[in-house]
Amino acid sequence: MSDPDISVVICVYTEDRWEDILAAVASARTQSYTALETLLVVDHNPALLDRLAKEYKEAGEVRVFANAGPRGLSAGRNTGIAAARGEVIAFLDDDAVAERDWLRHFAGAYTDPRVMAVGGRTVPIWASGRRPAWFPEEFDWVVGCTYRGIPSGRVRVRNVLGGNASFRRSAFDAAGGFATGIGRDGDKRPLGCEETELCIRLSRARPDAVLLIDDRAVIHHRVPAAREHFGYFRTRAYAEGLSKALVARSVGAGKGLESERRYATRVLPSGVVRGLRDAALSRPGGAGRAGAIVAGVLTAAGGYVVGSVRARRGGATFSVAEIEGGTHA
């Protein structure tokens, strides 16, 4: 099977990340496996849209679009999918940079026609220069990064993580686009899980589909100082619970929480034991990491309960977009 053309989609929303956006685009344009195009989708910010259009007006392989749907990351991604020309569509966060062989590792997996999605490994770049001593690696998903508990190598998974992921275009033809109303939509609450819901929906639409993570496909993701504090950790964990409740409503608790059960019953208890052991050995942060894991679990569980009640009462809704208007061959 020939090497696939890959379109890279980067969703952006604020001029505060201007330098980060330029760095993300530069990393996509200098891959060892050349991208067909890089698409910048601007989320309801005319000033940023105009600025980016001027910045890249001479770069033919960089195209700039306005989000054609409601405010939020899911609609922005759907806009990018509809405009993309590649057989494979890769997503990169606007505050991350990809290593040079990022797309090469994605492309290699698609030689198997059963593969519908491939994710990679996301490494945190802490604003303070180092991981906070209390911050457990088991909760790196809080800052959008690969967390302890995800298997290493190239492995089959239930879902990929959205900030460092790729999908075969036919995946969206089979399952539709990202659901709006689950992930981040412009408010201050750091919701997520839209990629989890999509991947489960894809596996139902295509039972033969293979979804992979290849930890050689690496990006480096900035973690701002505000996200290094326990207040954000707690807020993000609660929002994750709210989001998981919507996922469970969409695809059922059995599949929607399948990976989370293993994580909660195996990975997290091991993390608590490790933290307490480090505390007993007078290693920095051990007790804090153990406490953060317990607090994170309880907070996420509380969000899940609240989200489940809201969903049953009809207070939380979402919709799955059909991808239209694509320009692919």
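Residues numbered from 1 in each chain as written. Predicted model: local features only at pLDDT ≥ 70, side-chain atom pairs only at ≥ 80, totals over all residues. Heavy atoms only, no water.

Enquirer: Teacher, can you tell me more about the pattern of salt bridges here?
Expert: Side-chain pairs of opposite charge can arise where the charged atoms are in close proximity. Tallied over the entire structure, the rule returns 24 salt bridges. Here R85 makes a salt bridge to E37, at a shortest N to O gap of 3.3 Å. Linking R85 in the loop between helix 3 (73-83) and strand 4 (88-92) with E37 in strand 2 (residues 37-42), this pair joins segments that are 48 residues apart in sequence. Among the salt bridges present, the one from R154 reaches D214, with a minimum N-O distance of 3.4 Å. Of this pair, R154 sits in strand 7 (residues 154-156) while D214 sits in strand 10 (residues 210-223), and the two are 60 residues apart along the sequence. The exposure class of R154 is partly exposed, given its relative accessible area of 42%. Using a relative accessible area of 0% as the deciding quantity, one classes D214 as buried. Taken together, the shared-partner salt bridges in this structure form one network comprising E137, E138, R148 and R274. (Salt bridge = Lys/Arg side-chain N within 4 Å of Asp/Glu carboxyl O. Helix = DSSP H or I, 4+ residues; strand = E, 2+ residues; numbered from the N terminus. Buried < 20%, exposed > 50% of the residue type's maximum accessible area, 1.4 Å probe, protein only.)

Enquirer: Just to check I follow, could you spell out the environment of S128 for this structure?
Expert: Relative to the assigned elements, S128 resides in the loop between strand 6 (115-126) and strand 7. Expressed as a C-alpha distance, the spacing of S128 and E228, which sit 100 residues apart in the sequence, is 8.3 Å. There is a polar contact of 2.9 Å between the side chain of S128 and the backbone oxygen of R130. (Polar contact = N/O pair within 3.5 Å; in protein donor to acceptor, adjacent residues only side chain to side chain.)

Enquirer: Is there a simple way to explain helix 1 (residues 18-29) in this structure?
Expert: Residues lying three or four places apart along an α-helix face the same way, a consequence of the helix completing one turn every 3.6 residues. Between its terminal C-alpha atoms helix 1 stretches 17 Å, which fits the 16 Å expected from twelve residues at 1.5 Å a residue. Residues W18, D20, I21, A24, V25, S27 and A28 constitute the buried set of helix 1. (Expected span 1.5 Å × (residues − 1).)

Enquirer: Just checking my understanding: could you explain the nonpolar core for this structure?
Expert: The tendency in soluble globular proteins is for nonpolar side chains to be buried as a group. Counting 35 residues, the largest nonpolar core has V8, L40, L52, L92, W102 and L103 as its most contacted members. The residues contacting L52, other than those within four sequence positions of it, are V12, W18, I21, L40, V42 and V64. Of all hydrophobic cores here, the second largest spans 26 residues; its members include C11, L39, A83 and A171. (Core = buried A, V, L, I, M, F, W, Y, C linked by side-chain atoms within 4.5 Å. Contact = heavy atoms within 4.5 Å.)

Enquirer: Would you take a moment to explain the packing of aromatic side chains for this structure?
Expert: The geometry of two aromatic rings is summed up by the distance between their centres and the angle between their planes. Under the counting rule described, the total for this entry stands at 16 aromatic pairs. An angle of 70 degrees between the planes, with centres 6.3 Å apart, marks the rings of F91 and F167 as edge-to-face. Placement of F91 in strand 4 and of F167 in strand 8 (residues 164-168) is noted, with a sequence separation of 76 residues between them. Exposure class is identical for F91 and F167. Each is buried. Between W134 and F230 the ring centres are 5.8 Å apart and the planes differ by 75 degrees, which places this aromatic pair in the edge-to-face class. (Phe/Tyr/Trp six-rings, centres within 6.5 Å; stacked < 30°, edge-to-face > 60°.)

Enquirer: Would you mind showing me how to read the side chain of T146 here?
Expert: Summarising the element assignment, T146 is placed in the loop between strand 6 and strand 7. By relative accessible area, which is 18% here, T146 ends up buried. In terms of polar contacts, T146 uses its side chain to reach the backbone amide nitrogen of T122, at 2.8 Å. Once you skip the residues sitting within four places of it in the chain, T146 turns out to touch G120, R121, T122 and D140.

Enquirer: Sorry, what's going on with the side chain of D43 here?
Expert: Tracing the backbone through its elements, the reader meets D43 in the loop between strand 2 and helix 2 (46-55). Although buried, D43 forms no salt bridge, and the nearest oppositely charged side chain, R71, lies 4.9 Å from it. A distance of 3.0 Å separates a polar side-chain atom of D43 from the backbone nitrogen of G72. Apart from the residues within four sequence positions on either side, D43 is in contact with V12, Y13, N67, P70, R71 and G72. (Lys, Arg positive; Asp, Glu negative; His and termini not counted.)

Enquirer: Just to check I follow, could you spell out the pairing of strand 4 for this structure?
Expert: Here is the key point about a regular strand: its side chains alternate between the two faces of the sheet. The buried count for strand 4 comes to five of five residues, which makes it a mostly enclosed element. Pairing of strand 1 (residues 6-12) with strand 4 involves four bridges; the strand directions are parallel. Looking across to strand 4, one finds that I6 is bridged to V88. (Pairing = 2+ DSSP bridges.)

Enquirer: It is not clear to me how the pairing of strand 2 should be interpreted in this structure. Could you clarify?
Expert: Across the six residues that make up strand 2, a large majority, six, are buried. Burial along strand 2 is two-sided: E37, L39 and V41 and T38, L40 and V42, pointing in opposite directions, are all buried. Across six bridges, strand 1 lies against strand 2 in parallel orientation. Counted as the bridge partner of V8 is T38 from strand 2. Each parallel crossover has a hand, and for strand 2 linked through helix 2 to strand 3 (residues 62-66) it is right-handed. (Right-handed = clockwise from strand over helix to strand, strands pointing away.)

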